[in-house]
Amino acid sequence: MSGICDGRVAIVTGAGRGIGREHSLMLAEQGAKVVVNDLGGSMDGTGDDAGPAQQVVDEITAMGGEAVANTDDISSWDGAERLINQAVEHFGRLDVLINNAGILRDRMLTNMTEAEWDAVIQVHLKGTFAPSRHAAAYWREQSKAGNEVDGRIINTSSPSGIYGNVGQTNYGAAKAGIASFTIIAAKELGRYGVTVNAIAPAALTRMTENLGMGQLPEEQKERMSPRYIAPIVVWLASADSKDVTGRVFDVSGRALSVSEGWHRGPTIELPSDDPAALADDVKRIVSEARPNANMSGYDEE
Ligand SMILES: NC(=O)c1ccc[n+]([C@@H]2O[C@H](COP(=O)([O-])OP(=O)(O)OC[C@H]3O[C@@H](n4cnc5c(N)ncnc54)[C@H](O)[C@@H]3O)[C@@H](O)[C@H]2O)c1
């Protein structure tokens, strides 16, 4: 196993299935040593099973690569810390953290329960923050000790977060939060030699097969294989990507784009503090502004 990630040590969260499994296999094919994390729960986050993480480790070992399994819950502070420590203790270092684990509890806002909101925010947002926080502390320590750091954090946002999808206020809010987290963490961690980027993927996995993607014609299913999400992530994990940071990539099967973030649009100077006096100007700047994106990322009609 040799390629663009030779000698690098990578953690992939939620790597027992779907997109994370593909990241892990391709990282190993490209020479990385991989910590394969997966709690092994059901799609709504309930339950656990050590099987999926170990199966991916077995696949990597069978290919001639190096990997180790971890079954910690990445949304727990201590679990995330154990995960980071395991990479350092087992492989002697950490270069790449890929925050990929996720769950779904879709519901329209009018019916969403507190538990559905809390679980999705916990797994996605805290499950991105907690491993990143422990990895960042490790890299800062390395940098202060005079060791060269070429670190990477690669987060997983979603078209639902950066464009907006009905029935997913919990998931979309968490995924938009992850996009913003990425931009801010990139600004903070550059000084330690760490880049932070994110992807907003769309691929055929258990998460999407019941959302219509399972019914696609065969050639479109092939285009939406989770295998095509891995190349940009593995390139971002490599040393070659060191000048790319704070970016969100839309990876829709084989279509790869850079997502362009919020910008200040048409602006007015307030004529007074009278809200009623704003009406004409606000209507005008809204009509002049670029529309929000539809779920494909293009201007909404
Ligand atoms: N499939 C898509 O089209 C799509 C679209 C947008 C975003 N995403 C995101 O991509 C990521 C991967 O999704 P997928 O489609 O491969 O789904 P998946 O369900 O196949 O894989 C997610 C994995 O995360 C694991 N996991 C969940 N909670 C965990 C926790 N607390 N600790 C450790 N592991 C945990 C699960 O056990 C599962 O194996 C998710 O963040 C998802 O939100 C996927």
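Residues numbered from 1 in each chain as written. Predicted model: local features only at pLDDT ≥ 70, side-chain atom pairs only at ≥ 80, totals over all residues. Heavy atoms only, no water.

Draft legend 1. Representation of the side chain of Gln168 in the model. Residue position: Gln168 is located in the loop between helix 5 (159-164) and helix 6 (169-189). Assessed through its relative accessible area of 6%, Gln168 is described here as buried. A polar contact of 2.7 Å, which involves the side chain of Gln168, links it to the side chain of Ser160. Here Gln168 is in contact with Leu104, Asp106, Arg107, Ser160 and Ala173, once residues within four sequence places are set aside. (Helix = DSSP H or I, 4+ residues; strand = E, 2+ residues; numbered from the N terminus. Buried < 20%, exposed > 50% of the residue type's maximum accessible area, 1.4 Å probe, protein only. Polar contact = N/O pair within 3.5 Å; in protein donor to acceptor, adjacent residues only side chain to side chain. Contact = heavy atoms within 4.5 Å.)

Draft legend 2. Geometry of the site of the ligand. Inspection of the region around the ligand gives 31 residues, with Asp38, Asn100, Tyr171, Thr205 and Arg206 positioned closest. Here a nitrogen atom of the ligand sits 3.3 Å away from a polar atom, N or O, in the main chain of Ile74. Here an oxygen atom of the ligand sits 2.8 Å away from a polar atom, N or O, in the side chain of Arg206. Compared with its free state, where it exposes 830 Å², the ligand has 97% of that area covered by protein. Secondary structure elements with two or more residues in the shell around the ligand: helix 1 (18-29), helix 4 (114-144), helix 6 and strand 6 (194-202). Looking at side-chain class alone, the shell around the ligand contains twelve nonpolar, 13 polar and six charged residues. (Near = heavy atom within 4 Å. Areas by Shrake-Rupley, 256 points an atom, 1.4 Å probe, with all protein chains shown as cover. Nonpolar A, V, L, I, M, F, W, Y, C, P; charged D, E, K, R; others polar.)

Draft legend 3. Expanded view of the nonpolar core. Core analysis: the largest hydrophobic core is formed by 31 residues, its most contacted members being Leu27, Val34, Val36 and Ile60. When residues of this core are assigned to their parent elements, the largest contribution, six residues, is made by helix 8 (residues 230-237). Apart from the residues within four sequence positions on either side, Leu27 is in contact with Cys5, Ala10, Val12, Ala32, Val34, Ile98, Val234 and Ala237. In this structure, Val9, Ile74, Ala135 and Tyr138 belong to the second largest nonpolar core, which totals 24 residues. (Core = buried A, V, L, I, M, F, W, Y, C linked by side-chain atoms within 4.5 Å.)

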